[in-house]
Amino acid sequence: MPWQQIAGQDRAVRLLRSALERGQPHHAYLLAGPAGVGKELLARLFAQAANCEAVSGEQPCGSCPACAAIARGNHPDVAWVLPQSEAVARGIVSRADLEGTPSREIRVDEVRALSRRLALVAARGRRKIAVLAPAEAMNERAQNTLLKTLEEPPPATTFLLVSEQPDALLATVRSRCARVQLAPLPEKVLVAELVKRGAPAEEARRRAARADGSLGRALSLDPEELERRRELLESVEAALAAPDERDALDLAEGAGERDAARGIAEAVQAWTRDLLVAQAGGEIETQELAGAAARLSQAIAAPALLGQASLCAEVIEALEQNGNGRLQLERLLLGIRELRHV
Ligand SMILES: [Zn+2]
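Residue indices follow the written sequence of each chain, beginning from 1 at its first position. Owing to the predicted nature of the model, reporting of local features is limited to residues with pLDDT of at least 70; listing and counting of side-chain atom pairs is limited to 80 or more, with chain, interface and lining totals taken over all residues. Note: side-chain values were computed over all heavy atoms of the structure, leaving out hydrogens and water.

Remarks on the nonpolar core
Spelled out, the test is: The term nonpolar core refers to a set of buried residues drawn from Ala, Val, Leu, Ile, Met, Phe, Trp, Tyr and Cys, joined through side-chain atoms within 4.5 Å. Relative accessibility thresholds used throughout: buried, under 20% of the residue-type maximum; exposed, over 50%; partly exposed, between the two (1.4 Å probe, protein chains only). Helical segments are the DSSP runs of H or I of at least four residues, strand segments are the runs of E of at least two, and each set is numbered from the N terminus. All the domain ranges listed were derived from an automatic or database domain assignment. Note on definitions: a residue-residue contact is assigned when non-hydrogen atoms from the two residues lie within 4.5 Å.
In terms of nonpolar packing, the biggest core is built from 40 residues, with Tyr29, Leu31, Leu42 and Ile129 touching the most fellow members. Where this core is concerned, the elements lending two or more residues are helix H1 (10-21), strand S1 (28-32), helix H2 (39-51), strand S3 (128-132), strand S4 (157-163), helix H8 (187-196), helix H9 (201-209) and helix H10 (215-220). The element that contributes the greatest number of residues to this core is H2, accounting for seven residues. The two domains that each donate at least three residues to this core are domain 1 (2-182) and domain 2 (184-221). Discounting residues that sit within four places of it in the chain, leucine 42 has contacts with Trp3, Ile6, Ala12, Val13, Leu16, Leu31 and Leu182.

Here you go:
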């Protein structure tokens, strides 16, 4: 059941499947959504479904010669256009074969080559598919060149523009594409996907809580990093609740280097958001601290939490503008103590 490989994107899957099943796919789709939610997987499944050779059962079957060739990336009618840097990172192209630094852009020559290739009749399959990933890697010239092809698309061809930043595309290009929006994945879906991949339940919950709805991010998060974050927030809260300011000052001094200070300020900012969400009766992101969040959000008055949120934003801004790490952290921690009347 290849379509089921995509978790939590029922609407997007339904839209593309039904277009194929009716035999009327659009000539260009913009697959938009945050990183790591399944955009390229969806593009591959669409290409497979459009060219699957299985005579019965659901398409794509995932195992016929066409499905297999598309999965390997060497079907003659399915073109993936990536920036060189991405092709090198994925091991598709060897760095030794390139002259100079691999480009991060999809350049006009590459779009022209794609158009020439698509002008040919489908060699083997039923529908030619061109995937541009990420589409915003096309520079303006490349986009304008693609636009000409989108305006007069070759027959039986579908372009799939994969993008995390659809607003970075020219409006003229966007308007030629049917938009398919992929949403951030709900935490429950992430947990289920992580458990399916062998993560213990507790770890899966912790990773999902910090992944911003991205399965890619949840998979790449380091469990030790999550543990460090939890310990950090516990020591911050202990310093905030301590009878005097010594622990807060020690913490600020221990993380005086600007990047370390910024890391702490950002963790406190995310935590403050969690507390505000808990206060409003919502479910918080940092599940491992749900107990503490529930207790603190009851104990701290709403104006104090809002003050804490603005203070976090001010301190992060000051650190971005080369503020002194130790002084800004002192300002943050002592300021929060003040707000909470410790
Ligand atoms: Zn197949």
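Picking up where we left off.
Describing H9
Structurally, the α-helix is built with 3.6 residues per turn, so residues lying three or four positions apart point the same way. Buried residues of H9: Glu203, Ala204, Arg206, Arg207, Ala208 and Ala209, and no others. Each element contacted by the buried residues of H9 is listed here: H8, H10 and helix H11 (223-241).

Examining the coordination of the zinc ion
The condition is simple: Sodium, potassium and calcium take a 3.2 Å donor cutoff, other metals 2.8 Å, and in both cases only N, O and S atoms count; water is not among them, so sites may look incomplete.
Coordination of the zinc ion by the protein involves Cys52 (SG), Cys61 (SG), Cys64 (SG) and Cys67 (SG), with metal-donor separations of 2.3 Å. Within one chain, the residues serving as donors to the zinc ion are arranged as C-x8-C-x2-C-x2-C.

Some details on the side chain of serine 163
Of note, serine 163 is situated in strand S4. The contact partners of serine 163, leaving out residues within four places of it in the chain, are Leu30, Leu31, Ala32, Gly33, Lys39, Glu136 and Leu169.

What to know about the domain arrangement of the protein
Assigned domains within the protein: domain 1 (2-182), domain 2 (184-221) and domain 3 (223-339). Here domain 2 and domain 3 have C-alpha centroids that lie 24 Å from each other.

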